[in-house]
Amino acid sequence: MDPFCNICFKNYQAAKCELFCTDCQHVLCQECLKGRDFCGMCNKKCRLMKISNTMPQNMKKFFTDVRPELTGVIKIVKFQDAQRAIGANHAQRILKEYYDSKRRLEAIKKEYDELGKEFAKVKQEERSSAGSNRGSFSTLRTPQSSVSGNSAGTEKKR
Ligand SMILES: [Zn+2]
Ligand SMILES: [Zn+2]
């Protein structure tokens, strides 16, 4: 970017005059400064730095077109954002899978607990029925054994 005096608009390249950059962010030529450290744009005392190839790199940047560099940076930022989004999607998917698994596990646990209760209930019923039928246990067993196999056959023959 070609600097120019902000007051008389003399171009550095065209006029070959000395231009100065001020700490109030203005560019002034030697003629407009009239040998003073006074900014005609702000009407304030200012610090000056001569614009030249020997000025510090961080100051040179102000007169260098950074747009091509910026386009590259924007590409990099877009790429990195896309990468982050892919990573975030993956993390989200993993998290969803974790919660789904947890939910399934809880459902299974609940089912298991209910089965356990059912089982305990059946066992309790079995035990109490066995206790109350203790006296007639042998008579209860007799018809059962008569149904099975040979005994049933022998019963038929009789
Ligand atoms: Zn000027
Ligand atoms: Zn100024």
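If you're wondering where the values come from, they're calculated on a predicted model, not measured in any experiment.

Colleague: Help me understand the overall build of the protein in this model?
Modeller: Scanning the protein from terminus to terminus reveals 6 helices and 5 strands. Taken from N to C terminus, the helices and strands of the protein fall in the order α-β-β-α-β-β-β-α-α-α-α. Across the 158 residues that make up the protein, the buried fraction comes to 8%. Long-range contacts, defined here as pairs at least 24 residues apart, represent 32% of the contacts in the protein between residues at least 6 apart.

Colleague: Before we go on, may I ask you to explain the sheet that holds strand β5 (residues 48–50) in this structure?
Modeller: Taken in spatial order, the 3 strands of this open sheet run β2-β1-β5, and their pairing is antiparallel. For this open sheet the edge positions go to β2 (27–29) and β5, each flanked by a neighbour on one side alone. Averaged over all pairs of adjacent strands, the angle between their axes in this sheet comes to 35°, without regard to strand direction. Strand direction decides the pairing type here: strand β1 (residues 19–22) and β5, joined by 3 bridges, are antiparallel. Bridge pairing in β5 places C21 opposite M49.

Colleague: Would you mind showing me how to read the nonpolar core here?
Modeller: Inside soluble globular proteins, nonpolar side chains tend to come together where they are buried. Within the largest apolar cluster, 11 residues are counted, these being C5, L19, F20, C21, V27, L28, C29, C32, L33, C39 and C46. At the level of secondary structure, the elements contributing two or more residues to this core comprise β1, β2 and α2 (30–33). When near neighbours in sequence (up to four residues on either side) are disregarded, C29 contacts C5, C8, K10, C17, E18 and L19.

Colleague: Honestly, the pairing of β1 in this entry has me stumped. Any pointers?
Modeller: Working note: regular strand, side chains alternate between the two faces of the sheet. Residues L19 and C21 line one face of β1 and the alternating positions F20 and T22 line the opposite face, and both faces are buried. Inspection of the sheet shows β1 paired to β2 by 3 bridges, in the antiparallel sense. Bridge pairing in β2 links L19 to C29. Counting the residues between successive antiparallel strands, the hairpin from β1 to β2 contains 4 residues, one of them, Q25, with a positive phi of roughly 65°.

Parameters and conventions
Residues numbered from 1 in each chain as written. Chains lettered and ligands numbered in written order. Predicted model: local features only at pLDDT ≥ 70, side-chain atom pairs only at ≥ 80, totals over all residues. Helix = DSSP H or I, 4+ residues; strand = E, 2+ residues; numbered from the N terminus. Buried ≥ 20, exposed ≤ 12 C-beta atoms within 10 Å, placed from the backbone. Contact = placed C-beta atoms within 7 Å. Pairing = 2+ DSSP bridges. Axes fitted to C-alpha atoms, helices over the stretch in contact; angles between N-to-C directions. Core = buried A, V, L, I, M, F, W, Y, C linked by C-beta atoms within 7 Å.

Everything listed here is a matter of geometry and, on its own, says nothing about what the molecule does.
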